[in-house]
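The residues making up each chain are set out below.
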Amino acid sequence: MDSSATTTLFPLHRTKILHLVRHAQGVHNVEGEKDFSAYKSEEFFDAQLTPLGWEQVDNLHEHIHECGLDKKVELVVVSPLLRTLQTAVGAFGATTLMVANAGNSNRSAISSLNIPPFVAVELCREQLVQAGLGGYGQAEFFRGVHPCDRRRSISEYRCIFPAIDFSLIKDEEDVLWEADVRESKEAVATRGMEFINWLWTRKEKEIAVVTHRAFLRQTLAELGDDCHITVQKEIRKPFANCELRSVVIIDRGLIGSDTSVTNYPGKIPIGLDLPSDAALDKHPAEQGAPNS
């Protein structure tokens with residue numbers, strides 16, 4: 001396909017709108033900027049948002065209401081880590097999605113009134129360990145696993161975020177995190193595409209996803225190859241803290257099974273109701289007649 005200038009068409013029911021969000025600034029981000037080795041510190045286990053991170057969340061919450069996304073989003077999918085959960089409920093919540101002072105945040109409780117459902121999904125977690133995968137050939141990933149990416153028990157999250165649905169997470173404790181080797185970029189990308197395919201199993205058409213920088217970067221790198229290079233760069237640009245970017249995904253391979261709720265076959269009248277070109281095909285003798 002010539003990707004220099006291409007316009008195409010897809011049935012609406014074979015598309016979904018995703019509002020992709022990277023979590024706001026976490027305490028690990030601040031220290032990691034100063035010294036990368038800080039990411040290995042247990043001090044930042046399941047890192048929470050900084051005061052600046054909460055300001056970013058408040059600004060995003062205001063933007064979501066100003067542009068009307070709060071009335072459009074049908075589902076919020078969130079990675080089950082404290083910083084993403086805090087970002088999701090703060091940005092898409094009302095005014096209880098989160099109990100007061102959750103994670104020692106000094107934040108008031110966040111209401112679940114008149115908001116879309118929230119569901120936690122492990123597939124969209126940050127880069128972590130994949131047991132049995134060694135020798136990736138990429139030295140940058142031989143740096144150990146970051147405690148900030150290890151989650152708490154699901155029971156603890158349920159106490160903090162009582163309105164979030166954690167039922168899709170089968171393990172009470174974090175069985176994915178191990179203290180040896182980081183997950184490869186290829187493995188993150190594979191997990192990301194599995195997540196995208198999972199989204200097609202959902203009935204919702206407009207979905208917010210609150211996740212992590214590395215997960216977004218590796219997943220989006222798998223998409224957009226058939227686009228102009230400028231569009232590719234727009235899709236794949238790394239996310240800033242608390243950045244929201246809206247995209248459309250297209251089901252080219254019949255992954256989903258939804259039928260259109262807006263298509264209409266037309267009223268079937270009594271008697272002949274053929275368009276003029278079809279009528280002429282049936283009556284060649286009238287080829288010279290003017291169109292009706």
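Residues numbered from 1 in each chain as written. Predicted model: local features only at pLDDT ≥ 70, side-chain atom pairs only at ≥ 80, totals over all residues. Heavy atoms only, no water.

1. Quick word on the overall build of the chain
Cut-off, in case you're wondering: Elements are defined by DSSP. Helices are runs of H or I of four residues or more, strands are runs of E of two residues or more, and each kind is numbered from the N terminus. Classification of residues uses two cut-offs on accessible area relative to the type maximum, computed with a 1.4 Å probe and protein chains only: under 20% is buried, over 50% is exposed, and between them is partly exposed. Where accessible areas are quoted, they stem from the Shrake-Rupley method and a 1.4 Å probe; at the residue level, only the protein chains shown are allowed to cover.
The helix and strand tally for the chain stands at 8 helices and 5 strands. When its helices and strands are written in sequence order, the chain yields β-α-α-β-α-β-α-α-β-α-α-β-α. Counting every position in the chain, which comprises 292 residues, the buried fraction comes to 45%. Here the chain displays about 15,700 Å² of accessible surface, and carbon together with sulfur accounts for 53% of that area.

2. Considering the sheet that holds strand β5 (residues 244-250)
Picture the strands of a sheet paired through backbone hydrogen bonds; they go either parallel or antiparallel. The criterion, for reference: DSSP calls a pair of strands paired once it identifies at least 2 bridges connecting them. The angle between two axes is taken between their N-to-C directions and runs from 0 to 180 degrees, where each axis is a line fitted to C-alpha atoms and a helix contributes only its stretch in contact. Contacts are residue-level and defined by heavy atoms, with any inter-residue pair within 4.5 Å sufficient.
The strand order β3-β2-β4-β1-β5 describes an open sheet built from 5 strands, whose pairing is mixed. This sheet does not close on itself; its edge strands, each paired only once, are β3 (118-120) and β5. Neighbouring strand axes in the sheet, compared pairwise and without regard to direction, differ in orientation by 25 degrees on average. In the sheet, strand β2 (residues 75-78) pairs with strand β4 (residues 206-211) via 4 bridges, with the strands oriented parallel. Bridge pairing in β4 links Val76 to Ala208. Taken strand by strand, helix α6 (residues 213-220) contacts β1 (15-22) and β4, and its axis lies near 145 degrees from that of β1.

3. Regarding the side chain of Thr211
Considering the arrangement of structural elements, one finds Thr211 in strand β4. Other than its neighbours up to four places away in sequence, Thr211 contacts Val21, Arg22, His23, Ser79, Thr84, Cys124 and Leu216.

4. Quick notes on the pattern of salt bridges
Definition in use: Throughout this description, the term salt bridge denotes a Lys or Arg side-chain nitrogen within 4 Å of a carboxyl oxygen of Asp or Glu.
Going through the model one piece at a time under the given rule, you end up with 13 salt bridges. Close ionic contact of Arg151 with Glu122 constitutes a salt bridge, the shortest N to O distance being 3.2 Å. Taken together, the residues span a long stretch of sequence, with Arg151 in the loop between β3 and α4 (154-160) and Glu122 in the loop between β3 and α4 at a distance of 29 residues. The residues Arg151 and Glu122 share a single accessibility class, namely buried. One salt bridge connects Asp226 with Arg252, and the closest N-O pair in it is separated by 2.6 Å. Within this pair, whereas Asp226 is found in the loop between α6 and α7 (229-236), its partner Arg252 is found in the loop between β5 and α8 (276-282), the two being separated by 26 residues in sequence. Among the residues examined, Arg252 registers a relative accessible area of 54% and is labelled exposed.

5. Quick word on the nonpolar core
So the rule is basically this: Residues enter a nonpolar core if they are buried and are Ala, Val, Leu, Ile, Met, Phe, Trp, Tyr or Cys, with the set joined through side-chain atoms within 4.5 Å.
The biggest cluster of nonpolar side chains holds 32 residues, and the ones touching the most others in it are Val76, Phe92, Phe118, Phe161, Ile164 and Phe166. Those elements that provide at least two residues to this core are α2 (51-66), β2, α3 (82-92), β3, α4 and β4. With 6 residues, the single largest contributor to this core is α3. Of all hydrophobic cores here, the second largest spans 20 residues; its members include Leu75, Ile196, Val209 and Phe215.

6. Here we look at the confidence of the model for the chain
The test is simple: Residue-level confidence of the predictor is what pLDDT reports, using numbers from 0 through 100.
Summing up the model confidence of the chain, the mean pLDDT is 83 and the portion of residues at 70 or higher is 77%. Within the model, the stretch residues 130-144 combines pLDDT values under 50 with 29 contacts to residues more than four positions away or in other chains.

7. Examining a nonpolar patch on the surface
Applied cut-off: Only residues above 30% relative accessible area that lack a salt bridge enter a patch, with like-charged residues linked at up to 9 Å and the nonpolar side chains Val, Leu, Ile, Met, Phe, Trp and Tyr linked at up to 5 Å.
A cluster of nonpolar residues, Ile17, Val248 and Ile250, forms a patch on the protein surface that exposes about 220 Å² of accessible area. Counting through the fold element by element, Val248 comes out in strand β5. Relative accessible area serves as the criterion here: at 54%, Val248 is assigned to the exposed category.

8. Looking at the packing of α2 against α3
Here is the rule: Definitions for this section: a left-handed crossing has its near helix turned counterclockwise from the far helix by less than a right angle. A right-handed crossing has that turn clockwise.
Interaxial distance between α2 and α3 falls to 7 Å at its minimum, and their mutual angle equals 40 degrees. Of the two elements, α2 crosses α3, and the hand of that crossing is right-handed. In contact with Trp54, Val57, Leu60, His61 and Ile64 of α2, α3 contributes Gln86, Thr87, Gly90, Ala91 and Phe92.

9. Considerations on α3
With 11 of 11 residues buried, α3 is to be regarded as a mostly interior element. Within the span of α3, buried status applies to Leu82, Arg83, Thr84, Leu85, Gln86, Thr87, Ala88, Val89, Gly90, Ala91 and Phe92.

10. Description of the pairing of β4
Of all the 6 residues making up β4, 6 are buried; the element is thus mostly covered by neighbouring parts of the structure. The alternating pattern of β4 places Glu206, Ala208 and Val210 and Ile207, Val209 and Thr211 on opposite faces, both of which are buried. Of the strand pairs in this sheet, β1 and β4 are connected by 6 bridges, and their pairing is parallel. Bridge pairing in β4 places Arg22 opposite Thr211.

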